[in-house]
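Here's the letter readout for the chains.
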Amino acid sequence: MSVITTVEQLEALYGLPGETSMVKELDHVIPEYAAFIEASAFAALATSGPEGLDCSPRGDLAGFVRIHDPKTLMMPDRRGNNRADSLKNIIRDPRVGLLFLVPGCGTTLRVNGRAHITRDAALCASFSVDGRPARSVTVIHVDSVYFQCARAIVRSELWNPARHVDPKSLPTPGKILEITSRKGIDGEAYDREWPERAKKSMW
């Protein structure tokens, strides 16, 4: 196996980036980039901490990440499994990366920056849904923002309904938990009860 160990080797293989790959990167959110953030209902949040890297899904109503100003984004945190891996990482290493997806659109948006977490009551309340405020808000200082072309989405046919996988063909969360817990968790009961639990803790 031939392992690439230097940047020079990598550049010899791939070449240097073209002008369009570089000129699209800015250190602030322009209206054209804001349009993607405001239309997005899903983002992947990447963080780093002493235990390693983490990439966590974040989803809410479209526009759930608020553009406070061209250099500042705000993202609410809702009820979940309480692992809080991303939040623990941010406390210890503020560097974050965000990848915004817009259903039906091939172009994605990438944001890199530094974050902190706040429990400011008024700010959390401003993100309320169905009367429930955010548990906390992650405030992100934007260092770089740029769009990613549609190649990956086009290749994967992510939005093509004909390519959608039947969930019944995959192991259920309950089945996985039953195996990983060595039958300490009743998988069928977990799957049966999950929709009601999820409904109660959605926001």
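Everything in this summary refers to the structure shown in the same document.

For the rest of this paragraph, the subject is a positive patch on the surface. On the surface, Arg-79, Arg-119, Arg-132 and Arg-135 cluster together into a patch of positive charge. Position of Arg-119 among the secondary structure elements: in the loop between β6 (108-118) and α5 (121-126).

Right, let's get into the pairing of strand β3 (residues 66-69). If a strand is regular, its side chains alternate between the two faces of the sheet. Pairing of β3 with strand β4 (residues 72-77), which is carried by three bridges, proceeds in the antiparallel orientation. By the bridge assignment, Ile-67 is partnered in β4 with Leu-73.

So, about a nonpolar patch on the surface. Together, Ile-4, Leu-10, Leu-13 and Tyr-14 make up an exposed nonpolar region whose accessible area comes to about 450 Å². Residue placement: Leu-10 occurs in helix α1 (residues 7-14).

Oppositely charged side chains can form a pair if their charged atoms are brought close together. Per the stated rule, a full pass over the model turns up eight salt bridges. For Glu-51, the salt bridge identified is with Arg-92, shortest N-O distance 3.0 Å. Of this pair, Glu-51 sits in the loop between β1 (42-49) and β2 (52-59) while Arg-92 sits in helix α4 (residues 85-92), and the two are 41 residues apart along the sequence. A residue is classified by how much of its surface remains accessible, and Arg-92, at 42% relative accessible area, is partly exposed. In this structure, the salt-bridge partner of Arg-197 is Glu-193, at a minimum N-O distance of 3.5 Å. Pair noted here: Arg-197 and Glu-193 are both in helix α8 (residues 187-200), with a separation of four residues, about one helical turn. A relative accessible area of 34% places Arg-197 in the partly exposed class.

On to unusual backbone geometry. Its identity as a non-glycine residue notwithstanding, Arg-182 has a phi of 55°, on the positive side. Tracing the backbone through its elements, the reader meets Arg-182 in the loop between α7 (173-180) and α8. In this structure, Lys-183 takes a positive phi of about 70° despite not being glycine. If you trace the backbone, Lys-183 turns up in the loop between α7 and α8. With a relative accessible area of 70%, Lys-183 lands in the exposed category.

Counting residues in hydrophobic clusters, the biggest one holds 21 residues, and the most contacted among them are Leu-73, Leu-98 and Phe-100. For this core, the elements supplying multiple residues, two or more each, are α3 (31-39), β1, β4, β5 (95-101), β6 and β7 (136-148). Sorting elements by how many residues they give to this core places β7 first, with four residues. Those residues in contact with Leu-98, other than ones at most four positions away along the chain, are Ala-43, Ala-44, Leu-45, Leu-73, Met-75, Leu-109, Arg-110, Val-111 and Ile-140. Counting residues in each nonpolar core, the second largest holds seven residues, with Leu-123, Phe-127, Ala-134 and Val-139 among its members.

Analysis parameters
- Residues numbered from 1 in each chain as written.
- Predicted model: local features only at pLDDT ≥ 70, side-chain atom pairs only at ≥ 80, totals over all residues.
- Heavy atoms only, no water.
- Patch = residues over 30% accessible without salt bridge, like charges linked within 9 Å, V, L, I, M, F, W, Y side chains within 5 Å.
- Areas by Shrake-Rupley, 256 points an atom, 1.4 Å probe, with all protein chains shown as cover.
- Salt bridge = Lys/Arg side-chain N within 4 Å of Asp/Glu carboxyl O.
- Lys, Arg positive; Asp, Glu negative; His and termini not counted.
- Charge placed at Lys NZ, Arg CZ, Asp CG, Glu CD.
- Helix = DSSP H or I, 4+ residues; strand = E, 2+ residues; numbered from the N terminus.
- Pairing = 2+ DSSP bridges.
- Buried < 20%, exposed > 50% of the residue type's maximum accessible area, 1.4 Å probe, protein only.
- Core = buried A, V, L, I, M, F, W, Y, C linked by side-chain atoms within 4.5 Å.
- Contact = heavy atoms within 4.5 Å.

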